[in-house]
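Architecture and fold: a report
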Amino acid sequence: QVQLVESGGGLVQPGGSLRLSCAVSGSFFSIRSMAWHRQAPGKQRELVARITSVGTTDYADSVKGRFTISRDNAKNTVYLQMNNLKPEDTAVYYCAAAIALRSFRGPSDYWGQGTQVTVSS
C-alpha cells in the first residue's frame, strides 16, 4: 500500500523559514507529478506548488518568490522550502502525488495526512 508521510511543520515567527518533506513508501511503478496543497481554517484547499517528474514547477501567485518545491527521485521525496513566511501562510499543508501502481495503469492521486504550519509572533 502506498503511503505519503509529511514532516517539518511547526510554529514559526513572521519572516522565518520552514522546510516540509514528504516521503512516499510502498509498492508502485512510478511517481508522476508531486505537489503541496494547503487548507486554512474556513477556507478551501488550494494548490501551493507542483513539480513534474522532469522537474518543471509552478506556484500559486501568493507564494511565488518565497517558496521552492523540489524532489529527490532516488528517495521518492518532495520538499517545500518556505521562506519569508507570513501569518496568511498558516494552514495545514498536504502532500499529494500522482502514482502509477503498475506500468500498464494510469496514475492515481494519493495524499498525506497533513502537517500544521503556524506563522505567528
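The coordinates are above.
All of the points below concern the structure found in this document. (Residues numbered from 1 in each chain as written. Predicted model: local features only at pLDDT ≥ 70, side-chain atom pairs only at ≥ 80, totals over all residues. Heavy atoms only, no water.)

Moving on, we come to the state of the cysteines. All chains considered together, the criterion is met by one disulfide. Between the sulfur atoms of cysteine 22 and its disulfide partner cysteine 95 the distance amounts to 2.1 Å. On the sign convention where negative means left-handed, the S-S torsion of about -75 degrees between cysteine 22 and cysteine 95 marks this disulfide as left-handed. Of this pair, cysteine 22 sits in strand S3 (residues 18-25) while cysteine 95 is found in strand S9 (residues 91-100), placing the two residues 73 residues apart along the sequence. The same class applies to cysteine 22 and to cysteine 95, which are both buried. (Disulfide = S-S within 2.5 Å. Helix = DSSP H or I, 4+ residues; strand = E, 2+ residues; numbered from the N terminus. Buried < 20%, exposed > 50% of the residue type's maximum accessible area, 1.4 Å probe, protein only.)

In total, this model carries five salt bridges according to the counting rule given. Its salt-bridge partner being arginine 38, residue aspartate 89 comes within 2.9 Å of it at the nearest N-O pair. Here aspartate 89 is found in the loop between strand S8 (77-82) and S9, whereas its partner arginine 38 is found in strand S4 (residues 30-39), with 51 residues between them in sequence. You'll find aspartate 89 and arginine 38 in the same group, each marked buried. One salt bridge in this structure joins aspartate 61 and lysine 64, with 3.1 Å as the shortest N-O distance. Of the residues examined, aspartate 61 reaches a relative accessible area of 64% and is grouped as exposed. Taken together, the shared-partner salt bridges in this structure form one network comprising Arg38, Glu46, Arg66 and Asp89. (Salt bridge = Lys/Arg side-chain N within 4 Å of Asp/Glu carboxyl O.)

It is worth spelling out the pairing of S3 at this point. Bridge count between strand S1 (residues 3-7) and S3: five bridges; the pairing is antiparallel. Counted as the bridge partner of leucine 4 is valine 24 from S3. One ladder, built from six bridges, connects S3 with S8; its direction is antiparallel. From the neighbouring strand, serine 21 faces S8, where its bridge partner is tyrosine 79. (Pairing = 2+ DSSP bridges.)

What follows concerns the pairing of strand S7 (residues 67-72). Going residue by residue along S7, you find Phe67, Ile69 and Arg71 tucked away on one face and Thr68, Ser70 and Asp72 left uncovered on the opposite face. As defined by bridge partners, S7 adjoins S8 across six bridges and the pair is classed as antiparallel. Within S8, the residue paired with serine 70 across the bridge is tyrosine 79. Here S7 hands over to S8 after four residues, with asparagine 76 in that stretch at a positive phi of 50 degrees.

Glancing now at the packing of aromatic side chains. Per the stated rule, a full pass over the model turns up zero aromatic pairs. Between the NZ or CZ atom of arginine 19 and the centre of the ring of tyrosine 79, over which it lies, the distance is 4.0 Å. (Phe/Tyr/Trp six-rings, centres within 6.5 Å; stacked < 30°, edge-to-face > 60°. Lys NZ or Arg CZ within 6 Å of the ring centre and 35° of its normal.)

Here we come to unusual backbone geometry. One non-glycine residue with positive phi stands out, namely asparagine 76, at about 50 degrees. By the secondary structure assignment, asparagine 76 is in the loop between S7 and S8. Taking the relative accessible area as the measure of exposure, asparagine 76 reaches 25% and is therefore partly exposed. Phi is positive for asparagine 84, which is not a glycine, with a value near 50 degrees.

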